[in-house]
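Residue strings, one per chain:
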Amino acid sequence: MTRDEAAGLVAGALGDVAPEADVRGIDPDGLLQDEIGLDSIDFLTVVNVVGEQAGLHIPERDFPALVTFAGFVSYLVEGTGDDRRA
Amino acid sequence: MTAAREVGLPDGRTLVVRPAEAADADGVALLYAALSEDDLHLRFFSVYHPPRDFFARVVDAAAEGGCCLVAVVDDPVTRVVGEAEYFLLPNGNGELAVTVAPDWRGWLGPYLLDALVEAAAAHGVPNLEAEVLVENRRMLAVIRRRGYATVDGTDFSEVRLVIGTAGPTPTWPARRQRPRVLAETRGTWWSGERAAKAAGMAVMVCPGPHAGARCPAIEGEPCPLVTGADVVVCALPATGGDVRAAHASVHPGARVIVPGLALRSGEFPLASTSDDALIGLLRRVLASNPRPGG
């Protein structure tokens, strides 16, 4: 999965759980819970949806890597074993 | 000894999850003091403001064979932003609770529970249980993401859930006191639970494969819930993997009741949804000889 593909996946899931949020305008290095007000249910929903679409099981131990948009994208790129730049 | 976990935060600070110490009692008390009345209701089933002794006992859970972990961060002084604990139950499992500061909710609750599960496994505690109000959607979401089962869903205002510490599913209690019925059905509740328990049976309800949690049987591995059960009632739809087919190959000796009449070899048909029909069939199946491999 390329960074662009991963970014699209995460942005899509965030847009679904927080349709009122400006996903394109979030700081990629800011905490998602601050940027768009993700609570624990939203966070788990995003993780489950993205994990299923990426074909990855994302264990709770890895959750700290997912707290920012940029971190989430990097995790997916590394986890899917493809860091080609689109 | 439970190892500490360190998490680098985007702002450069470090969050540490570690076993609680006696000196953390005040920090945990401050964590609870920041909870809303709704939060307290979800935690204690009433708007209960715990006394100082409560926090002293929580942080010293290890003295009673349990465990308490705290999540601390410099903010700018050291602050307890989360706490997870279990105390031992008579059946050998642990009774868990997780509390996270309102401004830290998101990833930290599931992460703390994961650390607690790891600590419990290291101490030989096979499962962690929780009594959860049905309106506590946060806690239900955190627990349901793991492989869980319902051990008591007969009260529609609260539910008792159990998660395993050493594998993808929980296990049955070590002591076998009653015939064991595993009900596999979507969601948390099984309509036959009350009747089966009234008939003297132990019941666990498994939701099967679901988001975030893996099903060992679907993946071709034995499931401890199935291998520990005397009879399985499988009412799962054939979506996301056919559990009935998985039982046939992975648990060939399991005695499986299925609704309807379309049966695989070795299955028992449940033709009616009435409690009487269910209990009658359960008793007949339990009285039958387990098939080889069961």
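So, a few notes on the structure that sits alongside this text. Fair warning: this is a prediction, and the values are worked out from it, not measured in the lab. (Residues numbered from 1 in each chain as written. Chains lettered and ligands numbered in written order. Predicted model: local features only at pLDDT ≥ 70, side-chain atom pairs only at ≥ 80, totals over all residues. Heavy atoms only, no water.)

As a further point, take the overall build of chain B. For chain B, the count of helices and strands is nine helices and 13 strands. Compactness check: chain B gives a C-alpha radius of gyration of 21 Å against a globular reference of 19 Å for 294 residues, within 12% of the reference. Structurally, chain B occupies a C-alpha span of about 65 × 35 × 30 Å along its principal axes. The buried share of chain B, taken over its 294 residues, is 51%. The contacts in chain B between residues at least 6 apart in sequence include a share of 61% that link residues at least 24 apart. Carbon and sulfur atoms provide 54% of the accessible area of chain B, an area that totals close to 12,900 Å². (Helix = DSSP H or I, 4+ residues; strand = E, 2+ residues; numbered from the N terminus. Rg over C-alpha atoms; globule rule 2.2 N^0.38 Å. Buried < 20%, exposed > 50% of the residue type's maximum accessible area, 1.4 Å probe, protein only. Contact = heavy atoms within 4.5 Å. Areas by Shrake-Rupley, 256 points an atom, 1.4 Å probe, with all protein chains shown as cover.)

Attention now goes to the pairing of strand β11 (residues 231-234) of chain B. All names here are of chain B. Residues of β11 alternate between two faces, with V231 and V233 on one and V232 and C234 on the opposite face, all of them buried. The pairing of strand β9 (residues 180-184) with β11 spans four bridges and is classified as parallel. In the sheet register, L182 faces β11, and the bridge partner there is V232. (Pairing = 2+ DSSP bridges.)

Ranked by size, the top nonpolar core spans 85 residues in total, and within it L14 and L76 of chain A together with L15, W104, W107 and L108 of chain B carry the most contacts. With nine residues, the top contributor of residues to this core is helix α4 (residues 108-122) of chain B. In this view, L14 of chain A contacts V23, I26, L32, I36, L38, V46 and F69 of chain A; residues no more than four positions away in its chain are not counted. One finds M204, C223, A229 and A254 of chain B within the second-largest nonpolar core, a separate group that totals 19 residues. (Core = buried A, V, L, I, M, F, W, Y, C linked by side-chain atoms within 4.5 Å.)

The topology assignment puts D22 of chain A in the loop between α1 (3-17) and α2 (32-35). When the C-alpha atoms of D22 of chain A and I36 of chain A are compared, they prove to be 7.8 Å apart, with 14 residues separating the residues in sequence.

Our focus in this paragraph is the pattern of salt bridges. Under the criterion given, the structure shown has 23 salt bridges over all chains. Put simply, D39 of chain B and R105 of chain B hold a salt bridge, and the shortest N to O gap is 3.1 Å. Residue D39 of chain B is found in helix α2 (residues 37-44), and its partner R105 of chain B is found in the loop between β5 (94-100) and α4; the two are separated by 66 residues along the sequence. No difference in accessibility class separates D39 of chain B from R105 of chain B, as the two residues are buried. Within this structure, E60 and R61 of chain A together with R5, D114, E118, R145 and R146 of chain B form a network of salt bridges that share partners. (Salt bridge = Lys/Arg side-chain N within 4 Å of Asp/Glu carboxyl O.)

A separate point is helix α3 (residues 40-54) of chain A. Between the first and last C-alpha of α3 of chain A there are 21 Å, a value that for 15 residues agrees with the 21 Å anticipated at 1.5 Å per step. Those residues of α3 of chain A that sit buried are S40, I41, F43, L44, V46, V47, N48, V50, G51 and A54 of chain A. Buried positions along α3 of chain A lie against α1 and α4 (69-79) of chain A together with α4 and α5 (137-144) of chain B. With a side-chain oxygen lying 3.1 Å from the backbone nitrogen of I41 of chain A, the N-terminal cap of α3 of chain A falls on D39 of chain A. Taken from the residues just after α3 of chain A, G55 of chain A is the one with a positive phi, measuring 70°. (Expected span 1.5 Å × (residues − 1). Polar contact = N/O pair within 3.5 Å; in protein donor to acceptor, adjacent residues only side chain to side chain.)

With that settled, consider the environment of G51 of chain A. Residue and element names in this part refer to chain A. With respect to the secondary-structure elements, G51 resides in helix α3. For the pair G51 and R61, spaced 10 residues apart in sequence, the C-alpha separation works out to 14 Å. Not counting residues up to four positions away in its chain, the partners in contact with G51 are L56 and I58.

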